[in-house]
Amino acid sequence: MYKKIVIPTDGSDVSIEAAKHAVNIAKKFDSEVYAIYVVDVSPFVGLPAEGSWEMISELLKEEGHEALKKVKKLAEEYGVEVHTEMLEGIPAKEIVEFAEKKKADLIVMGTTGKTGLERILLGSVAERVIKNAHCPVLVVKKPKKE
């Protein structure tokens, strides 16, 4: 049923929780798994290319490598192989395009659970992926603390 699964991650607790779900599904269906991190360039459009952007870009890429390492380690614990890839662009657009390119059957991602005005103004990456994806999207909420 799910031969190819895409796991967008940002390294947050909720994205790791989503990765756990994805890895469990992958194990059951013997799926090919792709963990991706998108360096979000949208807040920095218009900055001079030299200097500031290069420094910010390097920090974001380092954060991305750490996030991808977490998913890879988690997958290894479950005996699931995962391919990792870092992309640059607008996260929702890159996630949808990557999933289409890989002919993914499922996208599994976390949500930040934004509410109120912040959600109205910003929307969420998960919402945009749901609206535009060609395949089912499983959105995992952050577990409630007991």
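Before reading on, note that the structure itself is shown above.
In this text the structure is predicted, and so the values were computed from the model without any measurement.

Chemist: What's the story with the packing of aromatic side chains in this structure? I'm lost.
Modeler: Working definition: an aromatic ring pair is given by the centre-to-centre distance plus the angle between the planes. Tallied over the entire structure, the rule returns two aromatic pairs. Their ring planes at 85° and their centres at 5.4 Å tell us that Tyr2 and Phe29 sit as a pair that is edge-to-face. Of this pair, Tyr2 sits in the segment before strand E1 (4-8) while Phe29 sits in helix H1 (residues 13-29), and the two are 27 residues apart along the sequence. Residue Tyr2 is classed as buried on the basis of its relative accessible area of 19%. Where Tyr34 meets Phe98, the ring centres are 5.8 Å apart and the plane angle is 75°; that geometry is what we call edge-to-face. One end of the pair, Tyr34, is in strand E2 (residues 32-40); the other, Phe98, is in helix H3 (residues 91-101), with 64 residues separating them in the sequence. For the residue pair Tyr34 and Phe98, the accessibility class agrees, reading buried in each case.

Rules behind the numbers
- Residues numbered from 1 in each chain as written.
- Predicted model: local features only at pLDDT ≥ 70, side-chain atom pairs only at ≥ 80, totals over all residues.
- Heavy atoms only, no water.
- Phe/Tyr/Trp six-rings, centres within 6.5 Å; stacked < 30°, edge-to-face > 60°.
- Helix = DSSP H or I, 4+ residues; strand = E, 2+ residues; numbered from the N terminus.
- Buried < 20%, exposed > 50% of the residue type's maximum accessible area, 1.4 Å probe, protein only.

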